[in-house]
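Examining the three-dimensional arrangement
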Amino acid sequence: VQTLGLIDHPEALRVLRVRAAETSDPVEWAFAMRTLLDGADAEALAASRPDMVMRAMMDDDPRVKGVGFAAALVAGREDAITSLEEQLKDRPSGDALLQLVDAVQHMKPGPFEARLLALYAKEPDGVKADALATALARGTGAEAGPEVSRRLLAMKPQVRGGLLTALRSGTAPWVRS
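Now for a description of the structure that goes with this document. All values derive from a computational prediction rather than experimental measurement.

1. Examining the overall build of the chain
Secondary structure assignment for the chain yields twelve helices and zero strands. The secondary structure elements of the chain, listed N-terminal to C-terminal, are α-α-α-α-α-α-α-α-α-α-α-α. Here the C-alpha radius of gyration of the chain, 16 Å, is about what a compact globule of 177 residues would show, namely 16 Å. When the backbone C-alpha atoms are referred to their principal axes, the chain occupies close to 50 × 35 × 30 Å. Looking at the chain as a whole, 45% of its 177 residues are labelled buried. Considering only contacts in the chain between residues 6 or more positions apart, those separated by 24 or more positions represent 65%. For the chain, the exposed area adds up to about 9200 Å²; of that, 57% sits on carbon and sulfur atoms. Across the chain, 22 positive and 25 negative side-chain charges occur, with their mean positions spaced 5 Å apart.

As structure tokens, this is what we get:
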């Protein structure tokens, strides 16, 4: 399953979807979902296996736990956004920070857009703020635009690169304007 995740081919993605739908092993599920979280049907896939999301989030392997958390965020679970708020308060570092940033970069804000914007407004510039901006850039509301623009203008030119790169894949109306 892990090797299939490296292959960008429709048949490989089909096999990963089948494994994610059928396996009872959280490690196998996480390796399949890691690739599938970037797909258009990621929300439906993550929401279809709440049992595996929970098992992955409780796994001892930090990579499996990270995919479980990302899947919970992608599925729009209330407990996941609450956990995100708590984790940001705890000022994570190291592997915990990398998992958090990776998970946030996969999500679309959906009903949590206002809460994400509030988190973004409080977060100092850096990798966590860039991850939150990436998620906000996939939203549908216009509220985040002025806050992101204000921060971009206030940043030193040499630090803007991370945020500009994060926004490139955005679909929100304010990103395109």
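Let's pick the thread back up.
2. Describing the packing of helix H5 (residues 62–74) against helix H7 (residues 94–106)
Viewed as axis vectors pointing N to C, H5 and H7 meet at an angle of 30 degrees, and their least axial separation amounts to 8 Å. As far as their axial angle goes, H7 and H5 are roughly parallel. In this structure, H5 crosses over H7, and the sense of that crossing is right-handed. Of the residues in H7, those touching H5 at Pro62, Arg63, Gly66, Phe69, Ala70, Leu73 and Val74 are Gln99, Leu100, Ala103, Val104 and His106. Counted by class, the contact of H5 with H7 contains eight nonpolar, three polar and one charged residues.

3. Considering the packing of aromatic side chains
This model, assessed by the stated rule, comprises zero aromatic pairs. Against the face of tyrosine 120 rests arginine 151, its NZ or CZ located 4.2 Å from the ring centre.

4. Observations regarding the environment of proline 124
For proline 124, the position within the fold is in the loop between helix H8 (113–122) and helix H9 (127–137). Along the chain, proline 124 and arginine 151 lie 27 residues apart, while their C-alpha atoms are 9.9 Å from each other.

5. Describing the nonpolar core
Formed by 53 residues in total, the largest nonpolar core has its most connected members in Trp29, Met33, Leu84, Leu116 and Tyr120. In this view, methionine 33 contacts Ala20, Leu45, Ala46 and Val67; residues no more than four positions away in its chain are not counted.

Reading guide: rules and limits
- Residues numbered from 1 in each chain as written.
- Predicted model: local features only at pLDDT ≥ 70, side-chain atom pairs only at ≥ 80, totals over all residues.
- Heavy atoms only, no water.
- Helix = DSSP H or I, 4+ residues; strand = E, 2+ residues; numbered from the N terminus.
- Rg over C-alpha atoms; globule rule 2.2 N^0.38 Å.
- Buried < 20%, exposed > 50% of the residue type's maximum accessible area, 1.4 Å probe, protein only.
- Contact = heavy atoms within 4.5 Å.
- Areas by Shrake-Rupley, 256 points an atom, 1.4 Å probe, with all protein chains shown as cover.
- Lys, Arg positive; Asp, Glu negative; His and termini not counted.
- Charge placed at Lys NZ, Arg CZ, Asp CG, Glu CD.
- Axes fitted to C-alpha atoms, helices over the stretch in contact; angles between N-to-C directions.
- Parallel < 35°, antiparallel > 145°, perpendicular 65-115°, else oblique.
- Left-handed = near helix turned anticlockwise from the far one by under 90°.
- Nonpolar A, V, L, I, M, F, W, Y, C, P; charged D, E, K, R; others polar.
- Phe/Tyr/Trp six-rings, centres within 6.5 Å; stacked < 30°, edge-to-face > 60°.
- Lys NZ or Arg CZ within 6 Å of the ring centre and 35° of its normal.
- Core = buried A, V, L, I, M, F, W, Y, C linked by side-chain atoms within 4.5 Å.

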